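Examination of the molecular architecture
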Amino acid sequence: ILRNNVAYNIFSTAWQLFSGRRYIEGSSMLAGRLGEAVAAECLSIRDYPARLDSGFDIPCDCEGSPGISVDLLERGVFKGLMHNLSTAKALGAEPTGNAGRRPLLSGSIPTEIQVVPRNFCIEPGSSTLDEMLTRMGFGVLITESFDVFHSIDIASGAFSIPCTGVLVRDGKRHSATGPLVLSGDLGTLLKRIEEVGDDFYIGTMLALDNYGIGACSLRVEALSVSGT
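A few points on the structure. (Residues numbered from 1 in each chain as written. Predicted model: local features only at pLDDT ≥ 70, side-chain atom pairs only at ≥ 80, totals over all residues. Heavy atoms only, no water.)

1. Topic: the layout of surface pockets
The space that makes up the largest pocket amounts to roughly 240 Å³. Lining of the largest pocket is provided by 15 residues; of these, I1, V140, V220, A222 and L223 occupy positions nearest its centre. Put simply, the parts of the chain that give the lining of the largest pocket at least two residues each are β7 (139-145) and β14 (218-220). Counting residues per element, the lining of the largest pocket draws most heavily on β7, which supplies three residues. The computed volume of the second largest pocket comes to approximately 150 Å³. L34, I68, V70, G80, L81, H83, L91, A93, E94 and T96 are the residues that line the second largest pocket. Residues that form the lining of the second largest pocket fall into these classes: six nonpolar, three polar and one charged. (1 Å grid on protein atoms, 1.4 Å probe; cavity = no way out; pocket = protein on both sides within 12 Å on 5 of 7 lines; lining within 4 Å. Points joined across faces, edges and corners; volume = space filled by probe spheres on them. Helix = DSSP H or I, 4+ residues; strand = E, 2+ residues; numbered from the N terminus. Nonpolar A, V, L, I, M, F, W, Y, C, P; charged D, E, K, R; others polar.)

So, in structure tokens, the structure goes:
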């Protein structure tokens, strides 16, 4: 199980899978797969122009396009992309209000107009974390993850993420783990999600604080976890 803060960290980078720019460039592992089932049926993801729980209300983007809600994943099906004017034109789509002047991580100087999310959110399920632990039975609850900016390759989907967690036995937290590495690829992760929790959390984008990322705990069938 990935705790909601761990899922939040992962999708603070993985939202780029749904960028119109990356789709056109072929630098998203989902390039060319619009309309296909690419994730588990229990997973839906939407990008909202406004949410009260995040504080981000973006009625239009920096190009003047009105903000609309975008269904990115609907019950596992890849339904849509986030667009600015140029990516929408290239794909014969409507702009979605996702144009932004994104600053460099190392400073505050605006760069070129890019595709950025507004409030990128996993839609919550109905199960509590304790219910998910009971259904998992034996496994690992990943409670913290680190360095996700450098640990995920959006083009291939491959990831290798330093993390820590708690060993779970008979559906109960048993003991803390030492340092771990969670590895695999986003395509497999998306397909192996068995349950989405009800513990929705939304925070600002790591380091930039200029849009919201919302996530819930995710129970995953299997992932590679190494360490002590």
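Having seen the model, we can carry on.
2. Here's the deal with the nonpolar core
In terms of nonpolar packing, the biggest core is built from 48 residues, with F11, F18 and L186 touching the most fellow members. The contact partners of L186, leaving out residues within four places of it in the chain, are I10, A14, L17, M29, I152, I154, G157 and F159. Core analysis: the next-biggest nonpolar cluster, separate from the first, contains eight residues, L129, M132, M136 and L141 among them. (Core = buried A, V, L, I, M, F, W, Y, C linked by side-chain atoms within 4.5 Å. Buried < 20%, exposed > 50% of the residue type's maximum accessible area, 1.4 Å probe, protein only. Contact = heavy atoms within 4.5 Å.)

3. Regarding unusual backbone geometry
Despite not being glycine, R75 shows a phi value in the positive range, around 50 degrees. Considering the arrangement of structural elements, one finds R75 in the loop between β2 (70-74) and β3 (77-78). In this model, D170 sits at a positive phi of 50 degrees, which is unusual for a non-glycine residue. With respect to the secondary-structure elements, D170 resides in the loop between β8 (158-169) and β9 (172-176).

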